[in-house]
Amino acid sequence: EVQLVESGGGLVQPGGSLRLSCAASGFTFSSYAMSWVRQAPGKGLEWVSAINSGGSVTSYAASVKGRFTISRDNAKNTLYLQMNSLKPEDTAVYYCAANRGIDYLTDYRFYDYWGQGTQVTVSS
């Protein structure tokens, strides 16, 4: 059974940091590019960041570039998102997702697997 399980969300003050993790199982993690997608209250899905299957190439949405860092540990089948300088507008449910292949996709409609999400709330 394929599983993507996010963790690390929570309540943080503006300017603070959080590190999200996504534990993968049931598929060959190292053969899949990975992404983070978020959904703010009352809004649609927003692609946040992606990383290729080997971890050597990354990409970020303009809204998070310079503040968020995506990484992966293929030996541990885990994806990460380090979030610094958090803003209230970063409040959302964060999902990790996988697409088969070396290269990542930024169109979330084509992702093969999704996690259940973890809530991040940035508020004073």
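Scroll up to find the structure this text is about.
The model shown is predicted, which means the values in this text are computed figures rather than measured ones.

Draft legend 1. Representation of the sheet that holds strand β1 (residues 3-7) in the model. Read across the sheet, four strands follow the order β1-β3-β8-β7 without closing on themselves; strand pairing throughout is antiparallel. Here the strands that pair on one side only, and so sit at the sheet edges, are β1 and β7 (68-73). In this sheet, adjacent strand axes meet at a mean angle of 15° when their direction is disregarded. Across six bridges, strand β3 (residues 18-25) lies against strand β8 (residues 78-83) in antiparallel orientation. What sits directly across from S21, in β8, is Y80.

Draft legend 2. Spotlight on the pairing of β7. Of the two faces of β7, the one lined by F68, I70 and R72 is fully buried and the one lined by T69, S71 and D73 carries no buried residue. Where β7 meets β8, six bridges bridge the pair, whose relative direction is antiparallel. Bridging from a neighbouring strand, I70 pairs with L81 of β8. Taking the residues that link successive antiparallel strands as the turn, the β7-β8 hairpin has four residues, and the phi of N77 there is positive, at about 55°.

Draft legend 3. Spotlight on the state of the cysteines. What the rule picks out here adds up to one disulfide. One disulfide bridge connects C22 with C96, the sulfur atoms lying 2.0 Å from each other. Because the sign of the S-S torsion sets the handedness, a value of about 55° for the bond joining C22 and C96 places this disulfide among the right-handed ones. Of this pair, C22 sits in strand β3 while C96 sits in strand β9 (residues 92-100); the two residues are 74 residues apart in sequence, bridging distant segments of the chain. Of the two residues, C22 and C96, neither departs from the other in class, the shared state being buried.

Draft legend 4. Quick look at the nonpolar core. W36, L79, L81, M83 and Y94 are the most contacted members of the largest nonpolar core, which has 33 residues in total. Elements supplying a minimum of two residues to this core: β3, β4 (32-39), β5 (45-51), β7, β8, β9 and β11 (118-122). Top element by residues in this core is β9. It accounts for five residues. Residue contacts for Y94: discarding those within four places in its chain leaves E6, L20, W36, V37, R38, V48, F68, L81, M83, G117, T118 and V120.

Draft legend 5. Representation of the environment of C96 in the model. The exposure class assigned to C96 is buried, which follows from its relative accessible area of 0%. Between the alpha carbons of C96 and Y113 there is a distance of 8.5 Å; along the sequence they are 17 residues apart. If we skip the residues at most four places from it in the chain, C96 touches L4, E6, C22, S35, W36, L79, Y113, W114 and G115.

Draft legend 6. Spatial organisation of the pairing of β9. For β9, the tally of buried residues reaches seven of nine residues, placing the bulk of the element in the interior. Where β9 meets β11, three bridges bridge the pair, whose relative direction is antiparallel. Bridged to Y94 within β11 is T118.

Calculation criteria
- Residues numbered from 1 in each chain as written.
- Predicted model: local features only at pLDDT ≥ 70, side-chain atom pairs only at ≥ 80, totals over all residues.
- Heavy atoms only, no water.
- Pairing = 2+ DSSP bridges.
- Helix = DSSP H or I, 4+ residues; strand = E, 2+ residues; numbered from the N terminus.
- Axes fitted to C-alpha atoms, helices over the stretch in contact; angles between N-to-C directions.
- Buried < 20%, exposed > 50% of the residue type's maximum accessible area, 1.4 Å probe, protein only.
- Disulfide = S-S within 2.5 Å.
- Core = buried A, V, L, I, M, F, W, Y, C linked by side-chain atoms within 4.5 Å.
- Contact = heavy atoms within 4.5 Å.

Geometry only, nothing functional implied.
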